[in-house]
Amino acid sequence: MSMMQEKMYMDVDDVCEILGVSKTYAYSLMREYNKELKAKGYIVVAGKISTKFLAEKIYGMKVED
């Protein structure tokens, strides 16, 4: 089972590892994606990102439950 299948939310270190980017860039992406989720009416937690939403953004497809 991959990390993206195990966790409901990911933190900056998880995003860095998966995307191979710096913490600064990972935080920037997380802020952008959380802003998008908030605009859709979802509750967001600063410093965390939904694993499913991140997978959708990375792979461009819906992730099934």
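Everything discussed here concerns the structure shown above.
Residues numbered from 1 in each chain as written. Predicted model: local features only at pLDDT ≥ 70, side-chain atom pairs only at ≥ 80, totals over all residues. Heavy atoms only, no water.

Another point: the overall build of the protein. A tally of helices and strands in the protein yields four helices and two strands. When the elements of the protein are put in sequence order from the N terminus, they spell out α-β-α-α-β-α. Counting only residues that meet the buried cut, the protein has 28% of its 65 residues in that class. Nonlocal contacts in the protein, meaning residues at least 24 apart in sequence, comprise 38% of its contacts between residues at least 6 apart. Carbon and sulfur atoms make up 54% of the accessible area of the protein, which totals about 4,800 Å². (Helix = DSSP H or I, 4+ residues; strand = E, 2+ residues; numbered from the N terminus. Buried < 20%, exposed > 50% of the residue type's maximum accessible area, 1.4 Å probe, protein only. Contact = heavy atoms within 4.5 Å. Areas by Shrake-Rupley, 256 points an atom, 1.4 Å probe, with all protein chains shown as cover.)

Among the surface-exposed residues, Leu 19, Ile 58 and Tyr 59 lie close enough to one another that they form a single nonpolar patch of about 260 Å² accessible area. Relative to the helices and strands, Tyr 59 resides in helix H4 (residues 51-59). (Patch = residues over 30% accessible without salt bridge, like charges linked within 9 Å, V, L, I, M, F, W, Y side chains within 5 Å. Salt bridge = Lys/Arg side-chain N within 4 Å of Asp/Glu carboxyl O.)

Moving on, we come to the pattern of salt bridges. Pairing is possible between side chains that carry opposite charge, provided their charged atoms lie close to one another. Applying the stated criterion across every chain, the model contains four salt bridges. For Lys 7, the salt bridge is made with Asp 14, and the minimal N-O distance between the two is 2.7 Å. Across the salt bridge formed by Lys 23 and Asp 13, the nearest N and O atoms sit 3.1 Å from each other. Residue Lys 23 is found in helix H3 (residues 23-39), and its partner Asp 13 is found in helix H2 (residues 12-19); the two are separated by 10 residues along the sequence. According to the relative accessible area criterion, Asp 13 is partly exposed, its value standing at 40%.

Counting through the fold element by element, Asp 14 comes out in helix H2. Note on Asp 14: relative accessible area 8%, which makes it buried. One polar contact links Asp 14 to Lys 7, side chain to side chain, over a distance of 2.7 Å. (Polar contact = N/O pair within 3.5 Å; in protein donor to acceptor, adjacent residues only side chain to side chain.)

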